[in-house]
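Below are the chains, spelled out letter by letter.
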Amino acid sequence: MHVAVIGPTGFGGSHVCKELLDRGHVVTGLSRTPEKLGKHENYKPVTLDFSQAPIERLVEAFKGADVLVNAYNPPGGPGMYTLETFLETGRKIVLAVKAAGKGPYLVTIGGTGSLALGPKYPYQTAADSRDFWLAYRRAVADSEAATSHMEDRLGAGPMADAMRAYRRARTALKAGEADETDRKTIQDVEDAVKFGENPVPDLPLAARASFLWYEDNESFRWSFVSPPPQYRPGPRTGRYEVVRDVVPLAAASGAESSDDNEFEGRLAGASAADLAVAIADEIDKQEKVGWHWSVVASLDDDSYMPTNVTV
């Protein structure tokens, strides 16, 4: 098939492109610098700035594609969490898909924040829960792969430094070696999540809001993939389980947390490589049209791996 990928050099998009090319699909990469993915006989880079291009240009770019994978993310760095940019660009993508003749099958990689918390919390999603967000911050800090990934995404600067400091403090605390500086670092980070005015950044909220364009919409063919809470670089195992609509959680053992956070230690995950396998499988089979879904896979290997891949 001919698959167009928005964001072919980013975290999720580059893994999807590699998986699709390995399967023999023809891939068109659409972004500001799509050539950074590398060279492949079945890969065509097309330069397109989605935040600036008019809808007519997007319609032209999407025509002829059987499937469009939307892995759009604002450029990395301290200013990446911009609700307006994400939502406006996503709106244009949906309108262009609907206007592009018959239109490609749109597979969008959304965010964990749109996944429901389940019957115990009606109408609430992951982005509504401070306990969930605190468990997420702790899970990132407790993982070298996840912390390194966030450093790669943010680039050098105060935000990346703060994440590394939080990881060091958490590691010391679990080893029984935390000093007063470590404890203050942990308290400052966690108090901001527990009691701060806006603990969830704009980007997860924007990704959640964008799901409203898809839910129960039968005017075009779509599938909305929300990565699981622990989504990070890692090896490709090729094995995964699908979860529909809700946050994938491990069963509670009763000893996850000392502060009664029911999500602590229970956040399931998958590597970007395994999520790419699941997305490529859906592109091949097209069994999840109109679904909001996530996946769970092994995260046994927590060693550092590059955020993006090339071909």
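Below: a short report on this structure. (Residues numbered from 1 in each chain as written. Predicted model: local features only at pLDDT ≥ 70, side-chain atom pairs only at ≥ 80, totals over all residues. Heavy atoms only, no water.)

Looking only at helices and strands, one finds nine helices and 10 strands in the protein. A globule of 311 residues ought to have a C-alpha radius of gyration of about 19 Å, and the protein, at 19 Å, matches this closely. Over its C-alpha atoms, taken along the principal directions, the protein stretches across nearly 60 × 40 × 35 Å. The proportion of buried residues among the 311 residues of the protein is 52%. Contacts spanning at least 24 positions in sequence make up 73% of the contacts within the protein whose residues lie at least 6 apart. Carbon and sulfur atoms make up 50% of the accessible area of the protein, which amounts to about 14500 Å² in all. Charged side chains of the protein number 34 positive and 44 negative; the gap between the two group centres comes to 4 Å. (Helix = DSSP H or I, 4+ residues; strand = E, 2+ residues; numbered from the N terminus. Rg over C-alpha atoms; globule rule 2.2 N^0.38 Å. Buried < 20%, exposed > 50% of the residue type's maximum accessible area, 1.4 Å probe, protein only. Contact = heavy atoms within 4.5 Å. Areas by Shrake-Rupley, 256 points an atom, 1.4 Å probe, with all protein chains shown as cover. Lys, Arg positive; Asp, Glu negative; His and termini not counted. Charge placed at Lys NZ, Arg CZ, Asp CG, Glu CD.)

What follows is about helix α7 (residues 180–195). With 16 residues, α7 ought to run about 22 Å at 1.5 Å a step, and its terminal C-alpha atoms sit 21 Å apart, in line with that. Of all the positions in α7, only Asp182, Ile186, Val189, Glu190 and Val193 are classed as buried. The buried side chains of α7 occupy one side of the element, clustering within an arc of 85° when seen end-on. Relative to its buried face, α7 has exposed residues pointing more than 90 degrees away, namely Glu180, Thr181, Lys184 and Phe195. Each element contacted by the buried residues of α7 is listed here: α4 (130–141) and α6 (158–174). (Expected span 1.5 Å × (residues − 1). Arc of directions from axis to C-beta.)

The complete set of buried residues in helix α8 (residues 202–210) reads Leu203, Pro204, Ala206, Ala207 and Ser210. Along the axis of α8, the buried residues cluster in a sector spanning 160°; they form a single face. The secondary structure elements touched by the buried residues of α8 are α3 (83–99), α4 and β6 (222–225).

Quick look at the packing of α6 against α7 now. In a packed pair of helices, the relevant descriptors are the angle between the two axes and the axis-to-axis distance. Axis separation between α6 and α7 bottoms out at 9 Å; the angle between their running directions is 120°. Judged by the inter-axis angle, α6 sits oblique to α7. Both α6 and α7 take part in a crossing whose hand is left-handed. Across the interface between the two elements, Ala165, Tyr166, Ala169, Arg170, Ala172 and Leu173 of α6 pack against Asp182, Arg183, Thr185, Ile186, Val189 and Glu190 of α7. (Axes fitted to C-alpha atoms, helices over the stretch in contact; angles between N-to-C directions. Parallel < 35°, antiparallel > 145°, perpendicular 65-115°, else oblique. Left-handed = near helix turned anticlockwise from the far one by under 90°.)

Turning to the environment of Ala272, a few remarks are in order. Relative to the helices and strands, Ala272 resides in helix α9 (residues 272–285). Among residues more than four places away in sequence, those in contact with Ala272 are Phe11, His15, Tyr231 and Arg232.

Below, the discussion takes up the nonpolar core. Nonpolar side chains tend toward joint burial in soluble globular proteins. If you look at the biggest cluster of nonpolar residues, it comprises 30 residues, and the most contacted ones within it are Leu30, Phe50, Phe62 and Leu68. Elements with a contribution of two residues or more to this core: β1 (2–6), α2 (55–62), α3, α8 and β6. Among the elements that make up this core, the one with the highest residue count is α3 (six residues). Once residues within four sequence positions are removed from consideration, Leu30 is found in contact with Ala4, Val5, Ile6, Gly7, Pro8, Val46, Phe50, Ala61, Phe62 and Leu68. Membership of the second largest hydrophobic core comes to 29 residues, among which are Val3, Ala71, Tyr105 and Leu275. (Core = buried A, V, L, I, M, F, W, Y, C linked by side-chain atoms within 4.5 Å.)

Of the volumes computed, that of the second largest pocket is approximately 200 Å³. The wall of the second largest pocket is formed by 14 residues, among which His15, Lys18, Arg236, Ala273 and Val309 lie closest to the centre. When residues of the lining of the second largest pocket are traced back to their parent elements, those giving at least two are α1 (11–22) and α9. Its residues assigned to classes, the lining of the second largest pocket shows seven nonpolar, three polar and four charged. (1 Å grid on protein atoms, 1.4 Å probe; cavity = no way out; pocket = protein on both sides within 12 Å on 5 of 7 lines; lining within 4 Å. Points joined across faces, edges and corners; volume = space filled by probe spheres on them. Nonpolar A, V, L, I, M, F, W, Y, C, P; charged D, E, K, R; others polar.)

Below, the discussion takes up the pattern of salt bridges. As enumerated under the stated definition, the model contains 19 salt bridges in all. Close ionic contact of Glu19 with Arg236 constitutes a salt bridge, the shortest N to O distance being 2.9 Å. Of this pair, Glu19 sits in helix α1 while Arg236 sits in the loop between β7 (230–232) and β8 (241–244), and the two are 217 residues apart along the sequence. A relative accessible area of 7% places Glu19 in the buried class. (Salt bridge = Lys/Arg side-chain N within 4 Å of Asp/Glu carboxyl O.)

Although it is not a glycine, Asp245 adopts a positive phi angle of roughly 75°. Of note, Asp245 is situated in the loop between β8 and β9 (269–271). In the Ramachandran plot, Gln286 falls in the positive-phi region, its phi being about 50° despite a non-glycine side chain. Within the secondary structure, Gln286 sits in the loop between α9 and β10 (292–296).

Where α4 contacts α6, the two axes come as close as 8 Å, and the packing angle between them is 85°. Our classification of the angle between α4 and α6 gives roughly perpendicular. Facing Arg137, Arg138 and Ala141 of α4, the residues of α6 in contact are Tyr166, Arg167 and Arg170. Class assignment for the residues of the contact of α4 with α6 results in two nonpolar, no polar and four charged.

Function cannot be read off these values alone, since they describe shape.
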